[in-house]
Amino acid sequence: MAISDAAVSDALAAYLERYPVEAEALSQPVQMLASGETFTSRRSFPMHVTVGALLVRGGCEILLIEHRGYGITLQPGGHLEPTDSTLIDAAVRELSEETGLDAAA
C-alpha cells in the first residue's frame, strides 16, 4: 500500500508539534497539503517528499555516502516508491539500496 498524503500530513503535523519554531518555514507545504495537493510522487511539483536515514554507530559515528548525482556527501535517502507502506519503510529501503546493508541486521 502506497504512502498517503494523509500520512505525510500527519508526520509534518507531528514534526511541527515538536518544533513549532519551524512553522513559518514549512507553511507552504502545510498549505499545499491542506488544499489537497499530492506530495508522494516524485513527479509532484513544486515539491515532493523524499526520505533519509541516519545510521549511527556508538552514538558518535554517522554513515554518509557520496551522492552520485550531486557529488556531495549526504545521508542515504531518496524518493518514495509505490511499494513503500510507511515513511520509515521507505527510509529503511533507501538505506539498504544505497549502502548494501541488510536492514534487518
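Notes on the structure in this doc start here. (Residues numbered from 1 in each chain as written. Predicted model: local features only at pLDDT ≥ 70, side-chain atom pairs only at ≥ 80, totals over all residues. Heavy atoms only, no water.)

## Digging into the packing of helix 1 (residues 5–18) against helix 2 (residues 27–34)
Stage number 1. Two numbers describe how helix 1 lies on helix 2: the axes approach to 11 Å, and their chain directions differ by 145°. In this structure, helix 1 meets helix 2 at a crossing whose hand is left-handed. Contacts between helix 1 and helix 2 involve Asp 5, Val 8, Ser 9, Leu 12 and Leu 16 from the first element and Pro 29, Val 30 and Leu 33 from the second.
Stage number 2. When the residues that make up the contact of helix 1 with helix 2 are grouped by side-chain class, the tally is 6 nonpolar, 1 polar and 1 charged. (Axes fitted to C-alpha atoms, helices over the stretch in contact; angles between N-to-C directions. Helix = DSSP H or I, 4+ residues; strand = E, 2+ residues; numbered from the N terminus. Left-handed = near helix turned anticlockwise from the far one by under 90°. Contact = heavy atoms within 4.5 Å. Nonpolar A, V, L, I, M, F, W, Y, C, P; charged D, E, K, R; others polar.)

## Describing the pattern of salt bridges
Stage number 1. Applying the stated criterion across every chain, the model contains 4 salt bridges.
Stage number 2. Salt-bridge contacts for Glu 94 lead to Arg 93; the nearest nitrogen and oxygen are separated by 3.0 Å.
Stage number 3. Residue classification places Glu 94 among the buried positions, given a relative accessible area of 5%.
Stage number 4. For Arg 93, a relative accessible area of 17% corresponds to the buried category. (Salt bridge = Lys/Arg side-chain N within 4 Å of Asp/Glu carboxyl O. Buried < 20%, exposed > 50% of the residue type's maximum accessible area, 1.4 Å probe, protein only.)

## Looking at a nonpolar patch on the surface
Stage number 1. A cluster of nonpolar residues, Leu 54, Val 56, Ile 62 and Leu 64, forms a patch on the protein surface that exposes about 380 Å² of accessible area.
Stage number 2. Mapping Ile 62 onto the fold places it in strand 3 (residues 61–62).
Stage number 3. Note on Ile 62: relative accessible area 47%, which makes it partly exposed. (Patch = residues over 30% accessible without salt bridge, like charges linked within 9 Å, V, L, I, M, F, W, Y side chains within 5 Å. Areas by Shrake-Rupley, 256 points an atom, 1.4 Å probe, with all protein chains shown as cover.)

## Thoughts on the layout of surface pockets
Stage number 1. As a volume, the largest pocket reaches approximately 540 Å³.
Stage number 2. Taken together, 19 residues line the largest pocket, and the ones lying closest to its centre are Ala 11, Leu 12, Tyr 15, Thr 50 and Leu 87.
Stage number 3. Counting only elements with at least two residues in the lining of the largest pocket, the list comes to helix 1, helix 2, strand 1 (50–52) and helix 3 (87–99).
Stage number 4. Per-element accounting of the lining of the largest pocket gives the leading share, 5 residues, to helix 1.
Stage number 5. Class assignment of the residues belonging to the lining of the largest pocket gives a composition of 15 nonpolar, 4 polar and no charged.
Stage number 6. As a volume, the second largest pocket reaches approximately 420 Å³.
Stage number 7. Taken together, 19 residues line the second largest pocket, and the ones lying closest to its centre are His 67, Gly 77, Gly 78, Glu 94 and Glu 98.
Stage number 8. Sorting the residues of the lining of the second largest pocket by element identifies strand 1, strand 4 (65–66), strand 6 (77–79) and helix 3 as the ones contributing at least two each. (1 Å grid on protein atoms, 1.4 Å probe; cavity = no way out; pocket = protein on both sides within 12 Å on 5 of 7 lines; lining within 4 Å. Points joined across faces, edges and corners; volume = space filled by probe spheres on them.)

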